[in-house]
Amino acid sequence: MARFEGSYLGDRSKIGPETRLECKVCWYVYDPATGDPVWQIAPGTPFHALPAHWSCPSCSGDREQFMVVEEAQ
């Protein structure tokens, strides 16, 4: 099975604690500052600390389908 690894290449250690990531399927943005009320993820939870069963709350896409949101400089 071919597998897309988001712009972080599947390496969660490359993602900072405040990094926002976007689902490449439905464009849902996971923002650590707000957490995820659907999965009962507390605000302040970084993407790399999400539980293994977590998936996109909008489309159920795998976490590997998420891409880093580039912040405007």
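Preceding this section is the structure that the text describes.
Every chain is numbered on its own, with residues counted from 1 as its sequence reads. Only residues with pLDDT of 70 or above have their local features reported here, since the model is predicted, and side-chain atom pairs are shown and tallied only from 80 upward, although totals for entire chains, interfaces and linings are computed over all residues. Computation of side-chain values covers all heavy atoms of the structure but excludes hydrogens and water.

Visitor: Go over unusual backbone geometry with me, naming the residues and quoting the values.
Guide: Although it is not a glycine, W27 sits at a positive phi angle of roughly 75°. Structurally, the position occupied by W27 is in the loop between β1 (21-23) and β2 (29-30). Buried residues are those whose accessible area, probed at 1.4 Å on protein chains only, stays under 20% of the maximum for their type, while exposed residues exceed 50% and partly exposed ones sit between those limits. Here W27 falls in the exposed class, since its relative accessible area comes to 51%. Despite not being glycine, Q40 has its phi angle at roughly 60°, a positive value. We count a stretch as a helix when DSSP gives it H or I for four or more residues in a row; a strand needs E for two or more, and each element gets its number in order from the N terminus.

Visitor: Any chance you could break down the side chain of T45 for me, citing the residues and the numbers?
Guide: Mapped onto the secondary structure, T45 falls in the loop between β2 and β3 (66-68). The exposure class of T45 is buried, given its relative accessible area of 17%. Within the local environment of T45, its side chain forms a polar contact with the backbone oxygen of A42, the two atoms lying 2.7 Å apart. Not counting residues within four places of it along the chain, the set of residues in contact with T45 comprises Y30, P32 and L50. Definition of a polar contact: a pair of N or O atoms within 3.5 Å, with one able to donate and the other able to accept a hydrogen when the atoms are protein atoms, and with sequence-neighbouring residues admitted only if both atoms are side-chain atoms. Contact between two residues is taken to exist if any of their heavy atoms lie within 4.5 Å; hydrogens are not considered.

Visitor: Mind laying out the environment of S55, listing which residues take part and the relevant values?
Guide: Take S55: it is sitting in the loop between β2 and β3. Sequence-wise, S55 and Q65 are 10 residues apart; in three dimensions their C-alpha atoms are separated by 9.3 Å. Apart from residues no more than four positions distant in its own chain, S55 is found in contact with W39, S60 and G61.

Visitor: Tell me about the packing of aromatic side chains, and name the residues and values.
Guide: Aromatic ring pairs are described here by two measures, namely the spacing of the ring centres and the angle between the planes. Note on aromatic pairs: the rings of Phe, Tyr and Trp (six-membered ring only in Trp) are paired at centre separations within 6.5 Å, and the planes decide the class, stacked below 30 degrees, edge-to-face beyond 60, tilted for the rest. For the coordinates displayed, the defined rule picks out five aromatic pairs. A centroid spacing of 5.8 Å and a plane angle of 80° characterise the contact between F47 and W54, whose relative ring orientation is edge-to-face. Per residue, the accessibility class of F47 equals that of W54, and both read buried. Centre to centre, the rings of F47 and F66 are 5.5 Å apart; their planes meet at 40°, and the pair counts as tilted. With F47 in the loop between β2 and β3 and F66 in strand β3, this pair connects stretches of sequence that are 19 residues apart. Each member of the pair, F47 as well as F66, carries the same accessibility label: buried. An aromatic cluster is built from Y30, F47, W54 and F66, whose rings are joined through pairwise contacts.

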